[in-house]
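# Breakdown of the fold
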Amino acid sequence: MQKDVLLEMVKQNRYTSHFSFDRVTEQNAALRLNDKTASIGFIYRHIGETINLFGHFLGIPTDVKNTTIGQIDAGQHFDTGHSRELIERGYKMLEGLVEDNSEEDWLKPVDTPFFGTVSRVRLFAHALFHTSNHAGQISLTLSKGIKPFVDEPE
């Protein structure tokens, strides 16, 4: 039963987030809510990196490198196709964790640099929350975003 519940949570997170994620394109990736917020492309890459890096703390090795956590969006370009692949890879990793872990495994402690020691299921839940939170930011930016300010040549 527990595996079914956790898989349903991943499925719902994937479904809810896809309404934002499926609308991210190279054409709208530079949109921001204002000049102090991150762009859609930066947030999208951040989701892909973070979901995979959470897996690292849950015992799943990853070759994904952090380029966004704790960083400022300085207008760098992030390939939305690659970010989409990272997110898909992250969801598959979460599903694999559910399939491969016993019920007892989920209550085992894991040390994290951002929450201290928490149970594996709490970190799993946070990975889903984090993804949903940023999907909401993308959705808002898609509806209210502006193109970044670019200095006009003199």
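The preceding data block contains the structure.
What you are looking at is a predicted structure, and each value in this text was computed from that prediction instead of being measured. (Residues numbered from 1 in each chain as written. Predicted model: local features only at pLDDT ≥ 70, side-chain atom pairs only at ≥ 80, totals over all residues. Heavy atoms only, no water.)

Let us look at the pattern of salt bridges. Applying the stated criterion across every chain, the model contains seven salt bridges. Ionic pairing is found between Arg-14 and Glu-95, a salt bridge with its closest N-O pair at 3.3 Å. Here Glu-95 lies in helix α3 (residues 80–100) and Arg-14 lies in helix α1 (residues 2–21), a separation of 81 residues in the sequence. For Lys-92, the salt bridge goes to Glu-88, with nearest N and O atoms at 3.6 Å. Taken as a pair, Lys-92 and Glu-88 lie in helix α3 at a separation of four residues, close to a single helical turn. (Salt bridge = Lys/Arg side-chain N within 4 Å of Asp/Glu carboxyl O. Helix = DSSP H or I, 4+ residues; strand = E, 2+ residues; numbered from the N terminus.)

A turn of α-helix holds 3.6 residues, and therefore any two residues three or four places apart point the same way. The terminal C-alpha atoms of α1 lie 28 Å apart, and with 20 residues this matches the ideal 28 Å at 1.5 Å per residue to within 8%. Those residues of α1 that fall on the buried side of the exposure criterion are Leu-6, Val-10, Asn-13, Ser-17, Ser-20 and Phe-21. Buried-residue contacts for α1 involve α2 (40–57), α3 and α4 (120–144). (Expected span 1.5 Å × (residues − 1). Buried < 20%, exposed > 50% of the residue type's maximum accessible area, 1.4 Å probe, protein only. Contact = heavy atoms within 4.5 Å.)

Bringing a nonpolar patch on the surface into the picture now. There is a patch of nonpolar side chains on the surface, built from Met-1, Val-5 and Met-9 and spanning about 320 Å² of accessible area. Checked against the element boundaries, Met-1 lands in the segment before α1. Judged by relative accessible area, which is 79%, Met-1 ranks as exposed. (Patch = residues over 30% accessible without salt bridge, like charges linked within 9 Å, V, L, I, M, F, W, Y side chains within 5 Å. Areas by Shrake-Rupley, 256 points an atom, 1.4 Å probe, with all protein chains shown as cover.)

Let us look at α2. Compared with the 26 Å implied by 1.5 Å per residue over 18 residues, the 26 Å span of α2 between its first and last C-alpha is a close match. For α2, the tally of buried residues reaches 16 of 18 residues, placing the bulk of the element in the interior. Within two residues after α2, Gly-59 carries a phi angle of roughly 90°, on the positive side.

At a closest axis distance of 10 Å, the pairing of α2 and α4 adopts a crossing angle of 175°. With respect to each other, α2 and α4 are oriented roughly antiparallel. Side by side, α2 and α4 meet where Ile-40, Ile-43, Tyr-44, His-46, Ile-47, Thr-50, Ile-51, Phe-54 and Phe-57 of the first sit next to Leu-123, His-126, Ala-127, His-130, Thr-131, His-134, Ala-135, Gln-137, Ile-138, Thr-141 and Leu-142 of the second. Within the contact of α2 with α4, the residues separate by chemical class into 12 nonpolar, eight polar and no charged. (Axes fitted to C-alpha atoms, helices over the stretch in contact; angles between N-to-C directions. Parallel < 35°, antiparallel > 145°, perpendicular 65-115°, else oblique. Nonpolar A, V, L, I, M, F, W, Y, C, P; charged D, E, K, R; others polar.)

Look at any regular strand and the pattern is simple: side chains alternate between the two faces of the sheet. Note: strand β1 (residues 109–112) against strand β2 (residues 116–119), four bridges, orientation antiparallel. Looking at the pairing, Val-110 lines up with Val-118 of β2. (Pairing = 2+ DSSP bridges.)

Look at α3 against α4: their axes get within 12 Å of each other, and the N-to-C directions meet at 155°. With respect to α4, the element α3 is oriented roughly antiparallel. The element α3 and its partner α4 pack so that their crossing is left-handed. Here Tyr-91, Leu-94, Leu-97 and Val-98 of α3 come into contact with α4, specifically with Arg-120, Phe-124, Leu-128 and Thr-131. Its residues assigned to classes, the contact of α3 with α4 shows six nonpolar, one polar and one charged. (Left-handed = near helix turned anticlockwise from the far one by under 90°.)

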